[in-house]
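The lines below spell out each chain.
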Amino acid sequence: MIPRFFLGLFVLSLLSLVVASPAFSQESPYIVAYDHYMEEPGSLEVEYFSTFGTQRGGNDFHAYWVEFEYGVTAWWTTEFYLDAQSTFHDSTLFTGLRWENRFRPLKHEHFINPVIYIEYEHISGADKILKEIEGHDVESDSADLNAVARQEHNNELELKLLLSSTYKGWNFVENTLAAKNLSNHPWEFGYALGASRPLKLKASAKRCNFCRENVIAGVEMYGGLGDRYSFGLKDTSHYLAPVVAWNLPSDWTLRLSTGFGLNDNSHRFLLRWGLSREFSGFGDLVSHLFGGQR
Amino acid sequence: MKARFLGPFLAICVVAALLGVSLGQAQQGNVSPAKPPKDKTGVYSELDKAPQKARAKSNPLQSDPDAVLAGRILFERHCAECHGDVAEGGHHGPNLRAAEVQNAPVGAIFWILTNGIVWHGMPVWSKLPEPQRWQLVSYIKSLGVKPSPANPALPRP
């Protein structure tokens, strides 16, 4: 049932995107951390991301996911994820789905801008995209064979408080995370921090691919903070990752991140990259398909 | 419900919700550019809400000869989708060549760009660095007044 449903969803999305207009976007370079900027209302952003991870005591892996990010309003963005992974010398498998919502509670910009984040995850134990690190997530969790790890199913609710500031071209983010496995598991906690800045603040007076203002560089740091019964840094993993995004005038955004594990519980190296494209007018298009006026 | 059906069931709910919300959102915004709804003109009153300190700001790029050209490129990338190719109003955004905008202080326009009009659908644009927002202001102000036929904007007294 799952493959047929997702095949249908994929085909519908492709059909929609063929006739929707691409739109230039100014995307942040973060892959784990979030800033406070919402998707433009009515726009759909389709994103593909990969994570290559080294694994001690097991096989290296390549995990990947697709995101469909839609701007419902200027204060509400919703995202739907499909996750999968390939473990070298093992197998390739679909590992789950996520539905994420971000809400901007304040009307105006402030020095610190909060966003409320709520996510539901239905993933297997073989999920390795490492989109967030929480609780006592450690490298050895990913060492199990896929055939074993996929037997575990997790329904998880994740809440985040995203704080973000923009000052003189710099963006600073601070995300705190609380996640609850809906079966009988304790609340788990995590964090993500980030800072980024375009290489040039003024835009050029000519159209160009390689203008420095199209490139945003920064760094993010993320990790777990234990759980309700053992809060803190003990038996947790942490990463530091330089990040860069290249917003091309041809409507594509490329992202690259090289993550380095900061302690023995962390994967030594995570290489992430992503490709995304924003399509404006998606809401209008869907309305038109169902008989509304454009 | 068995756990194995929970994921697909929720996925269907998510997609249905997305479709429903986007339908509702789009139909609310389905207006002809020639006949904007009444509340669209109400958006102009947001300019008056800019704090005095913000209104008093002057454009630091006023004497920059490239500011208008750069602002035009930025406008085409980020604003034209809603406000129309030449800022005369579009499906979702009001005419920026209306007298309310063209006669407003540059600081007020900059303030709107920075803060958006979130409850009326305009996102915040503080993700564009401050010089780029001023370049946008330069371009918008360079366009001059051109009221749309169905929405003749009268100059302020």
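These numbers come from a predicted model, not from an experiment. Each residue is numbered by its place in its chain's sequence as written, counting from 1. Following the order in which they are written, the chains are lettered starting with A and the ligands numbered starting with 1. Since the coordinates come from a predicted model, pLDDT governs what is reported: local features require at least 70, and pairs of side-chain atoms require 80 or more to be given and counted, while whole-chain, interface and lining totals use all residues. Water and hydrogen atoms were dropped before computing side-chain values, which therefore reflect all heavy atoms in the structure.

A. Structural view of the overall build of chain B. Secondary structure elements follow DSSP: runs of H or I of four or more residues count as helices, runs of E of two or more count as strands, with numbering from the N terminus. Along its length, chain B carries 8 helices and 0 strands. Listed by position from the N terminus, the elements making up chain B come as α-α-α-α-α-α-α-α. Partitioning the intrachain contacts of chain B with sequence separation of at least 6 by distance along the chain shows that 69% fall at a separation of at least 24. Per-residue and other accessible areas follow the Shrake-Rupley method at a 1.4 Å probe size, with only the shown protein chains counted as cover for residues. Working note: accessible area of chain B is about 7600 Å², and carbon and sulfur atoms make up 60% of it. When checking whether two residues touch, look at their non-hydrogen atoms; a contact exists if any pair is within 4.5 Å.

B. Just a nonpolar patch on the surface, in detail. All names here are of chain A. Each patch groups residues whose relative accessible area exceeds 30% and which form no salt bridge, using 9 Å between like charges and 5 Å between nonpolar side chains of Val, Leu, Ile, Met, Phe, Trp and Tyr. When a carboxyl oxygen of Asp or Glu is within 4 Å of a side-chain nitrogen of Lys or Arg, the pair counts as a salt bridge. A cluster of nonpolar side chains, Tyr48, Trp252, Leu254, Leu256, Trp273 and Leu275, forms an exposed patch at the surface whose accessible area comes to about 490 Å². The set of elements that each furnish at least two residues to the nonpolar patch consists of β12 (252-261) and β13 (269-280). Looking at the nonpolar patch element by element, the count peaks at 3 residues for β12. Along the polypeptide, tryptophan 252 turns up in strand β12.

C. Inspection of the side chain of asparagine 171 of chain A at higher detail. Residue and element names in this part refer to chain A. Here asparagine 171 shows up in strand β8 (residues 170-181). For asparagine 171, the side chain forms a polar contact with the side chain of serine 164, separated by 3.1 Å. Filtering out sequence-adjacent residues up to four positions away, asparagine 171 remains in contact with Tyr30, Asp35, Tyr37, Ser164, Ser165, Thr166, Gly194, Ala195 and Ser196. Here a polar contact means two N or O atoms within 3.5 Å. Within protein one must be a hydrogen donor candidate and the other an acceptor candidate, and residues neighboring in sequence count only if both atoms are side-chain atoms.

D. Examining the packing of helix α4 (residues 67-78) of chain B against helix α8 (residues 130-143) of chain B more closely. Residue and element names in this part refer to chain B. The contact between α4 and α8 brings their axes to 7 Å, and the two run at 95°. Compared by their axis directions, α4 and α8 come out roughly perpendicular. Along the contact surface, α4 presents Ala67, Val68, Ala70, Gly71, Arg72, Leu74 and Phe75, while α8 presents Gln132, Gln135, Leu136, Ser138, Tyr139, Ile140 and Ser142. Class assignment of the residues belonging to the contact of α4 with α8 gives a composition of 8 nonpolar, 5 polar and 1 charged. Every axis in this analysis is a line fitted to C-alpha atoms, fitted for helices over the stretch in contact. Angles between the N-to-C directions lie between 0 and 180 degrees. Put simply, angles under 35 degrees are roughly parallel, angles over 145 are roughly antiparallel, angles from 65 to 115 are roughly perpendicular, and the rest are oblique. Charged means Asp, Glu, Lys or Arg here, nonpolar means Ala, Val, Leu, Ile, Met, Phe, Trp, Tyr, Cys or Pro, and polar covers whatever is left, Gly included.

E. Molecular detail of α8 of chain B. All names here are of chain B. The end-to-end C-alpha distance of α8 is 21 Å, a good match for the 20 Å that 14 residues give at a rise of 1.5 Å each. Counting buried residues along α8, 10 of its 14 residues qualify, which places the element largely inside the surrounding structure. To sort residues, take the accessible area from a 1.4 Å probe on protein chains only and compare it with the maximum for the residue type: under 20% means buried, over 50% means exposed, and anything in between is partly exposed. Those residues of α8 that sit buried are Gln132, Arg133, Trp134, Gln135, Leu136, Val137, Ser138, Tyr139, Ile140 and Leu143. Tucked into the core, α8 has its buried residues touching α4, α6 (99-102) and α7 (106-115). Looking one or two residues beyond α8, the residue adopting positive phi is glycine 144, at roughly 80°. A helix is expected to span 1.5 Å multiplied by its residue count minus one.

F. Examining the pairing of strand β4 (residues 76-87) of chain A more closely. All names here are of chain A. Burial within β4 is extensive, with 12 of its 12 residues counted as buried. On β4, burial covers both faces: Trp76, Thr78, Phe80, Leu82, Ala84 and Ser86 on one face and Thr77, Glu79, Tyr81, Asp83, Gln85 and Thr87 on the other are all buried. Both strand β3 (residues 61-73) and β4 contribute to a ladder of 12 bridges, which runs antiparallel. Looking at the pairing, phenylalanine 68 lines up with phenylalanine 80 of β4. Two strands pair if DSSP finds at least two bridges between them. Hairpin connection from β3 to β4: 2 residues lie between these consecutive antiparallel strands. Between β4 and the antiparallel strand that follows it, strand β5 (residues 92-103), lie 4 residues; histidine 89 among them carries a positive phi value of about 60°.

G. Region of the structure containing the nonpolar core. Throughout this description, the term nonpolar core refers to a set of buried Ala, Val, Leu, Ile, Met, Phe, Trp, Tyr and Cys residues connected via side-chain atoms within 4.5 Å. Within the largest apolar cluster, 34 residues are counted, with the highest numbers of intra-cluster contacts made by Leu47, Phe75, Val101 and Leu136 of chain B. At the level of elements, α4, α7 and α8 of chain B are the ones that each hand at least two residues to this core. Setting aside anything within four residues of it in sequence, one finds phenylalanine 75 of chain B in contact with Ala80, His83, Gly84, Asp85, Ala87, Leu96, Leu136, Tyr139 and Ile140 of chain B. Val32, Ala63, Val115 and Leu162 of chain A belong to the second-largest nonpolar core, a separate cluster that totals 24 residues.

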